[in-house]
Amino acid sequence: MGLQDVKAVFFDLDNTLVDTAAAGRRAIEEVPRLPPHFPVVNALRSKHHCGEEEARVICDKVRAKLLKECHDPAKMCITDLRISHWEEAIQETMGGEANRSLAAECYFLWKTTRLQHLTLAEDTRGMLTELRKVVRLLLLTNGDKQTQREKIEACACQPYFDAIVVGGEQKEEKPAPSIFHYCCNLLGVQPAECIMVGDSLDTDIQGGLNAGLKATVWLNKKMTTPLDTSPVPHYVISSVLDLPALLQKMDHKINTNLETDHMVSSDD
């Protein structure tokens, strides 16, 4: 894998390298299934006379709130916001007065369980290890700094990257060009020498295009058709494990173009 003209690959974290959505779903599904003696379930049942079905309704409501979540760190920390999701869901389902302490118990249980399910798959680790032999790798993730650092720690992905950049620790997040240029400066490379790989057209792909990167690679696991107004990636893959083969094709195309240019030059 020669990868001429490519010196660095930037990877998104959530739902690109690790399946955060699945981990969140599994975590929230486990809350109502826990044994009655478990603190959170016991609290729900004893304080609100909440059965398993009602606990499931509460969890479904929280899941819906998470999907619609819009977080402004300047107004509220992510922990307070997500405790509020649980607080509202319990009150909406069971009625009565709000119970902040119970909501906090539920939130921290969900959070801990999600982190336990957040793993960097063995084949992904192998792919990153091999890729890092020929290019520099950088992890670029948006989100609250505490939340993202906890995820990074949980999936133990630090050893596979030359640098890690969290949007919540910067002035601007993806898709702002500034954070991409910061990443380039961090690695000592130019935007035209970098590739961005991610699952979000709005942040990863649009950001890579905004920053003038060499190429953007959209991870489209379900191979869905984007909206006509969506940014257009240079390449599309259905699995992050398809990236090495794509990079080889890109490298071959570059070499072919160089050989063609040389032949034209010689003929002249």
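Just above, that's the structure.
No experiment lies behind these values; they were computed from the predicted model shown.

Describe in detail the pattern of salt bridges, supporting the description with residues and values.
If charged atoms from side chains of opposite charge come close, those side chains can pair. Across all of its chains, the model carries 15 salt bridges by this definition. Bridged by salt links that share partners, the residues Lys-61, Lys-65, Glu-88 and Glu-92 form one connected network.

Could you give an account of the sheet that holds strand 4 (residues 194–198), with specific residues and numbers?
Spatially, the six strands line up as an open sheet ordered 3-2-1-4-5-6, and their pairing is parallel. Each having just a single partner strand, strand 3 (163–166) and strand 6 (235–237) make up the two edges of the open sheet. Taken over all neighbouring pairs, the strand axes of this sheet differ in orientation by 20° on average, direction set aside. The sheet contacts of helix 7 (residues 145–155) involve strand 2 (136–141) and strand 3, and relative to strand 3 the element is tilted by about 145°. Packing against the sheet, helix 8 (residues 177–187) makes contact with strand 1 (8–11), strand 2, strand 3 and strand 4, and its axis sits at approximately 150° to strand 2.

Residues and numbers for the packing of helix 8 against helix 9 (residues 201–211), please.
The N-to-C vectors of helix 8 and helix 9 enclose an angle of 75°; their axes lie 8 Å apart at closest approach. Between helix 8 and helix 9, the angle is such that the two are roughly perpendicular. Across from Pro-177, Phe-180 and His-181 in helix 8, the residues of helix 9 making contact are Thr-203, Asp-204, Gly-207, Gly-208, Asn-210 and Ala-211. When grouped by side-chain class, the residues that make up the contact of helix 8 with helix 9 number three nonpolar, five polar and one charged.

Explain the nonpolar core residue by residue, including any values.
Counting residues in each nonpolar core, the largest one holds 33 residues, and the members touching the most others are Phe-11, Leu-128, Leu-139, Phe-161, Ile-195 and Leu-243. Contributions of two or more residues to this core are made by strand 1, helix 6 (122–131), strand 2, helix 7, strand 3, strand 4, strand 5 (215–219) and helix 10 (243–267). Other than its neighbours up to four places away in sequence, Leu-128 contacts Phe-11, Leu-17, Leu-120, Leu-137, Tyr-160 and Phe-161. Listed in part, the 17 residues of the second largest apolar core include Ile-28, Cys-59, Val-62 and Ile-90.

A description of the pairing of strand 1 should follow, citing residues and the corresponding values.
Across the two faces of strand 1 the burial is the same, with Ala-8 and Phe-10 and Val-9 and Phe-11 all buried. Note: strand 1 against strand 4, four bridges, orientation parallel. What sits directly across from Ala-8, in strand 4, is Cys-194.

Before we move on, could you go through the packing of helix 1 (residues 20–30) against helix 3 (residues 52–67) and cite the residues and values that matter?
Helix 3 packs onto helix 1 with a crossing angle of 155° between their chain directions and a minimal axis gap of 9 Å. Taken together, the axes of helix 1 and helix 3 lie roughly antiparallel to each other. In this structure, the crossing between helix 1 and helix 3 has a hand that is right-handed. Facing Arg-25, Ile-28 and Glu-29 of helix 1, the residues of helix 3 in contact are Cys-59, Val-62 and Arg-63. A per-class count over the contact of helix 1 with helix 3 returns three nonpolar, no polar and three charged.

Outline the state of the cysteines, supporting the account with residue identities and numerical values.
By the definition in use, this model includes zero disulfides. Free cysteine: Cys-184, not disulfide-bonded; nearest cysteine sulfur from Cys-194 at 3.9 Å. With relative accessibility at 1%, the residue Cys-184 sits in the buried group. For Cys-194, a relative accessible area of 0% translates into the label buried.

Tell me about the pairing of strand 3, and name the residues and values.
A two-sided burial pattern is seen for strand 3, the buried positions comprising Ala-163 and Val-165 on one face and Ile-164 and Val-166 on the other. Two strands pair when backbone bridges link them, and strand 2 and strand 3 are joined in this way by four bridges, in the parallel orientation. Bridging across to strand 3, Leu-138 finds its partner in Ala-163. Note that the unit made of strand 2, helix 7 and strand 3 has a crossover that is right-handed.

Any chance you could break down unusual backbone geometry for me, citing the residues and the numbers?
Omega for the peptide link from Lys-174 to Pro-175 comes to 15°, which places this bond in the cis form. On the secondary structure map, Pro-175 appears in the loop between strand 3 and helix 8. With a phi angle near 50°, Ala-156 is a residue other than glycine that sits in the positive phi range. If you trace the backbone, Ala-156 turns up in the loop between helix 7 and strand 3. A residue is classified by how much of its surface remains accessible, and Ala-156, at 32% relative accessible area, is partly exposed. We note that Met-223 has phi near 50°; this positive angle belongs to a residue other than glycine. Within the secondary structure, Met-223 sits in the loop between strand 5 and strand 6. Look at Met-223 and you get partly exposed, because its relative accessible area is 49%.

Reading the values: rules and limits
- Residues numbered from 1 in each chain as written.
- Predicted model: local features only at pLDDT ≥ 70, side-chain atom pairs only at ≥ 80, totals over all residues.
- Heavy atoms only, no water.
- Salt bridge = Lys/Arg side-chain N within 4 Å of Asp/Glu carboxyl O.
- Pairing = 2+ DSSP bridges.
- Helix = DSSP H or I, 4+ residues; strand = E, 2+ residues; numbered from the N terminus.
- Axes fitted to C-alpha atoms, helices over the stretch in contact; angles between N-to-C directions.
- Contact = heavy atoms within 4.5 Å.
- Parallel < 35°, antiparallel > 145°, perpendicular 65-115°, else oblique.
- Nonpolar A, V, L, I, M, F, W, Y, C, P; charged D, E, K, R; others polar.
- Core = buried A, V, L, I, M, F, W, Y, C linked by side-chain atoms within 4.5 Å.
- Buried < 20%, exposed > 50% of the residue type's maximum accessible area, 1.4 Å probe, protein only.
- Left-handed = near helix turned anticlockwise from the far one by under 90°.
- Disulfide = S-S within 2.5 Å.
- Right-handed = clockwise from strand over helix to strand, strands pointing away.

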